[in-house]
Amino acid sequence: MNYNELVKLLHENSDEKYNRFNAAIVNSSVPTMGVRLPTVRKIAKSVTVDEALSYPVHEYLEVDTIVGIVLSSVKLPFEEKSALLTKFAQTIENWSVCDCNTVKVPKAERKQYFQFFKSMLPSAMPFVCRYGVVNLLANYLDDEYINAVFDSLQTIVTYGHYYVDMAVAWLVATAAAKCRNVTFAYLVGDGKRVLNVFTYNKALQKMRDSYRISDDDKAATYALKRSE
């Protein structure tokens, strides 16, 4: 599908009321058309990798999302796919494009992808860092990797950027549901040193908002709340 055909198809599936709502919550300088994500994903299935790579960046949010969907889902050897993902990550400038395009990591390549996504965390580009964080969240919150994931959080240099802080808080809260004991040990230990107050307390808040956290554990988060 060439670019003009893609834009025409997206416009045909746009919704102005949804566009106003979506543009407000995404908080991006990239223009939006107002195409709902399920439709965007359906359209992406008709786009090849070569076509996705030919599309201009930041003309429309939906196009950026389609490029991410195509590159994150294509089946290629690690070396080829990671090179494409590296270039894609460097174009991300909002949370929506970042979070809609996590990779489903093949079991045979878990170690390689862990190092790959971990290497994004020290980036000075906040959304490259966030892309690494959300992919660790999506693939590595288990007994085998949880300690290594928490160790990687100390390499982040963009704490203080809202969308980095919120991604880390989301990761920690999700980890509490999946790896309860290790996560609480982190919160009373290294987490107090590594995470800034905003991120730490946001993680606690997200735990309290989660249906996957027990009432007793939610109650325990109040005692952990930090003021400095």
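Our subject in this report is the structure included herewith. (Residues numbered from 1 in each chain as written. Predicted model: local features only at pLDDT ≥ 70, side-chain atom pairs only at ≥ 80, totals over all residues. Heavy atoms only, no water.)

Before going further, it helps to spend a moment on the overall build of the chain. Across its full length, the chain carries 15 helices and zero strands. When its C-alpha atoms are laid out on the principal axes, the chain stretches across 55 × 40 × 30 Å. Across the 228 residues in the chain, those meeting the buried criterion constitute 51%. For the chain, the proportion of contacts with a sequence separation of at least 24, taken over those separated by at least 6, is 68%. Element-wise, carbon and sulfur atoms account for 52% of the exposed surface of the chain, whose accessible area totals about 11,300 Å². Treating the 27 positive side-chain charges of the chain as one cloud and the 25 negative ones as another, the clouds have centres 5 Å apart. (Helix = DSSP H or I, 4+ residues; strand = E, 2+ residues; numbered from the N terminus. Buried < 20%, exposed > 50% of the residue type's maximum accessible area, 1.4 Å probe, protein only. Contact = heavy atoms within 4.5 Å. Areas by Shrake-Rupley, 256 points an atom, 1.4 Å probe, with all protein chains shown as cover. Lys, Arg positive; Asp, Glu negative; His and termini not counted. Charge placed at Lys NZ, Arg CZ, Asp CG, Glu CD.)

Here the focus is the environment of Leu84. Relative to the helices and strands, Leu84 resides in helix α6 (residues 78-89). Its relative accessible area of 17% is what places Leu84 among the buried residues. Along the primary structure Leu84 and Gln112 are separated by 28 residues, whereas in three dimensions their C-alpha atoms are 15 Å apart. Beyond its immediate chain neighbours, meaning those up to four positions away, Leu84 contacts Val49, Leu53, Leu71 and Leu76.

Relative to the helices and strands, Cys179 is located in the loop between α11 (162-178) and α12 (180-188). The sequence separation of Cys179 and Phe116 amounts to 63 residues, and the corresponding C-alpha distance is 22 Å. Non-local contacts of Cys179, meaning those with residues more than four positions away in its chain, are made with Leu141, Asp142, Asp143 and Ile146.

To continue, consider the pattern of salt bridges. Evaluated as defined, the whole model comprises seven salt bridges. A salt bridge links Arg110 to Glu144; its shortest N-O distance comes to 3.5 Å. With Arg110 in helix α8 (residues 110-118) and Glu144 in the loop between α9 (126-139) and α10 (146-152), this pair connects stretches of sequence that are 34 residues apart. According to the relative accessible area criterion, Arg110 is buried, its value standing at 18%. Assessed through its relative accessible area of 56%, Glu144 is described here as exposed. For Asp190, the salt bridge is made with Arg193, and the minimal N-O distance between the two is 3.8 Å. Remark: Arg193 and Asp190 occur in helix α13 (residues 190-194); sequence separation between them is three residues, near one turn of the helix. Residue classification places Asp190 among the partly exposed residues on the basis of a relative accessible area of 40%. Looking at Arg193, the relative accessible area reads 55%, which means it is exposed. Among the charged side chains, a salt-bridge network with shared partners connects Arg110, Asp142 and Glu144. (Salt bridge = Lys/Arg side-chain N within 4 Å of Asp/Glu carboxyl O.)

Before going further, it helps to spend a moment on unusual backbone geometry. In terms of backbone geometry, most residues other than glycine have negative phi values and most peptide bonds are trans. The backbone of Asn27 sits at a positive phi, close to 60 degrees, despite the residue not being glycine. Looking at where Asn27 falls in the secondary structure, it is placed in the loop between α2 (16-26) and α3 (37-44). Take Asn27: its relative accessible area is 54%, and that puts it in the exposed class.

To continue, consider helix α14 (residues 197-209). Across its 13 residues, α14 extends 18 Å between first and last C-alpha, which sits within 8% of the 18 Å expected from 1.5 Å per residue. Within the sequence span of α14, burial applies to Thr199, Tyr200, Asn201, Ala203, Leu204 and Met207. Where α14 is buried, its residues contact α11, α12, α13 and α15 (215-224). (Expected span 1.5 Å × (residues − 1).)

A few words now on helix α1 (residues 3-12). Within the span of α1, buried status applies to Tyr3, Leu6, Val7 and Leu10. Around the axis of α1, the buried residues are gathered within 95 degrees of arc, so they sit on the same side. Facing away from the buried side of α1 by over 90 degrees, the exposed positions are Asn4, Lys8 and Glu12. In this structure, the buried residues of α1 make contact with α3 and α5 (61-73). (Arc of directions from axis to C-beta.)

Looking now at the packing of aromatic side chains. Applying the stated criterion to the full structure yields 16 aromatic pairs. Residues Tyr18 and Phe21 carry aromatic rings whose centres are separated by 6.1 Å and whose planes lie at 45 degrees to one another, so their mutual orientation is tilted. Remark: Phe21 and Tyr18 occur in helix α2; sequence separation between them is three residues, near one turn of the helix. Of the residues examined, Phe21 reaches a relative accessible area of 49% and is grouped as partly exposed. Relative to Tyr145, the ring of Tyr140 lies with its centre 4.8 Å away and its plane at 70 degrees, an arrangement referred to as edge-to-face. Exposure remark for Tyr145: the relative accessible area of 8% places this residue in the buried category. Of the aromatic side chains, those joined through ring pairs into one cluster are Phe78, Phe88, Tyr113, Phe116, Phe117 and Tyr131. The residue whose ring lies beneath Arg180 is Phe184, and the NZ or CZ to ring-centre distance is 4.6 Å. (Phe/Tyr/Trp six-rings, centres within 6.5 Å; stacked < 30°, edge-to-face > 60°. Lys NZ or Arg CZ within 6 Å of the ring centre and 35° of its normal.)

Such coordinate-based values are descriptive only and should not be taken to indicate function.
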